[in-house]
Amino acid sequence: MPIKQSDYEELLAEYSSRSAAIALLKQHRPYMEAIPSMRRPEESVITIPLPVVRIRHYQSQEAVSPKITSGAVAIRLPCDVAILMCDPEWKVKMGVEIFVFIHQPQEDFSDLLTRWRQTQVLLEKDYEWLMPHPHQHIISEVAEEIHPLFVVFSETPERIKRGLTGAYLPYVVKIPLSLVEEEIPKEIKS
């Protein structure tokens, strides 16, 4: 059964919430350990769905005008959610950033891996985050470390899971909500 767009949208909406993002990080121990305060995890994590960064000294990669350089350009990263660590006491962004890539419908291994590689290339430049409104006061410059976390579905083809394992990229497997709903008996639904 192929992955539905609604399954992807459901997870994107879910991981936009801090509590769901923290639960996701807890499924991969090294990332859970990156949370600055486990006593105050909600204050230690900032989630940014479909994130945008401002890249300073951006150089166009287009063949038409490869020499054009601009002062700063806002670019949407090809990941689905960025999870930034924040010191709960000082309210400053910490050095670790985790990028969540949710397997999208019709996406194969090379497409999924390309999104991570494009994110790596973009973040090699000098950048700053365009932060959500409640966090605009936080200094949001370049990370010390960036890490990916892939979310695939039980329905995701095995070659994608094998490819992620072979590339040493962490992933978690989720059961699509549409499959869970199909398994709930009709008398319970109503």
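Right above here is the structure, for reference.
In this text, all values refer to a predicted model and were calculated from it rather than measured experimentally. Residue positions within a chain follow its written sequence, with the count starting from 1. In keeping with the predicted nature of the model, local features appear solely for residues at pLDDT of at least 70, side-chain atom pairs appear and are counted solely at 80 or more, and the whole-chain, interface and lining totals rest on all residues. No hydrogens and no water enter the side-chain calculation; it runs on all heavy atoms of the structure.

A.B. asks: Would you take a moment to explain the pairing of strand β4 (residues 81-87) for this structure?
C.D. replies: In summary, the side chains of a regular strand alternate between the two faces of the sheet. Exposure categories follow from relative accessible area, calculated using a 1.4 Å probe and restricted to protein chains: below 20% of the type maximum is buried, above 50% is exposed, and the middle band is partly exposed. In this description a helix means any DSSP run of H or I spanning at least four residues, a strand means any run of E spanning at least two, and both kinds are numbered starting from the N terminus. For β4, the tally of buried residues reaches 7 of 7 residues, placing the bulk of the element in the interior. A pair of strands is labelled paired if DSSP reports no fewer than 2 bridges between them. Bridge count between strand β1 (residues 45-49) and β4: 5 bridges; the pairing is antiparallel. The partner of proline 49 across the bridge, within β4, is valine 81. For β4 and strand β5 (residues 92-102), the ladder comprises 6 bridges, and the chain directions are antiparallel. Pairing of leucine 84 across the sheet is with glutamate 97, part of β5. Hairpin connection of β4 to β5: 4 residues between the antiparallel strands, including lysine 91 at a positive phi of 60°.

A.B. asks: Please explain the side chain of lysine 161 as it appears in this structure.
C.D. replies: With respect to the helices, strands and loops of the structure, lysine 161 is situated in helix α6 (residues 158-166). Excluding residues within four positions of it along the chain, lysine 161 makes contact with Val152, Phe153, Ser154, Thr156, Tyr171 and Val173. Contacts: residue pairs with any heavy atoms within 4.5 Å of one another.

A.B. asks: Looking at this structure, how should I read helix α1 (residues 5-15)?
C.D. replies: Structurally, the α-helix is built with 3.6 residues per turn, so residues lying three or four positions apart point the same way. Among all positions in α1, only Asp7, Tyr8, Leu11, Leu12 and Tyr15 are buried. An end-on view of α1 places all buried positions within 135° of arc, on one side of the element. An arc is given here, and it is the one of the directions from the helix axis to the C-beta atoms.

A.B. asks: Help me understand unusual backbone geometry in this model?
C.D. replies: Most peptide bonds take the trans form, and the phi angle of most residues other than glycine is negative. At leucine 50, a position not held by glycine, the phi torsion is positive, near 45°. Along the polypeptide, leucine 50 turns up in the loop between β1 and β2 (52-59). Unusually for a residue other than glycine, tyrosine 168 sits at a positive phi of about 60°. Along the chain, the position of tyrosine 168 falls in the loop between α6 and β8 (171-174). Residue tyrosine 168 is classed as exposed on the basis of its relative accessible area, which comes to 75%.

A.B. asks: Honestly, the environment of isoleucine 48 in this entry has me stumped. Any pointers?
C.D. replies: As for its position among the elements, isoleucine 48 is in strand β1. Given the relative accessible area of 6%, isoleucine 48 is considered buried. Residues isoleucine 48 and phenylalanine 99, 51 residues apart in the sequence, show an inter-C-alpha distance of 9.6 Å. Residue contacts for isoleucine 48: discarding those within four places in its chain leaves Asp80, Val81, Ala82, Leu84, Trp129, Met131 and Pro132.

A.B. asks: Would you explain the pattern of salt bridges in this entry?
C.D. replies: When the charged atoms of two side chains lie near each other, side chains of opposite charge can form a pair. One side-chain nitrogen of Lys or Arg within 4 Å of one carboxyl oxygen of Asp or Glu is enough to make a salt bridge. Scanning the entire structure with this criterion turns up 11 salt bridges. A salt bridge links glutamate 89 to arginine 40; its shortest N-O distance comes to 2.7 Å. Placement of glutamate 89 in the loop between β4 and β5 and of arginine 40 in the loop between α3 (29-32) and α4 (41-44) is noted, with a sequence separation of 49 residues between them. Classification of glutamate 89 by relative accessible area gives exposed; the value is 57%. Each member of the salt-bridge network shares a partner with another, and the members are Arg54, Arg56, Asp126 and Glu128.

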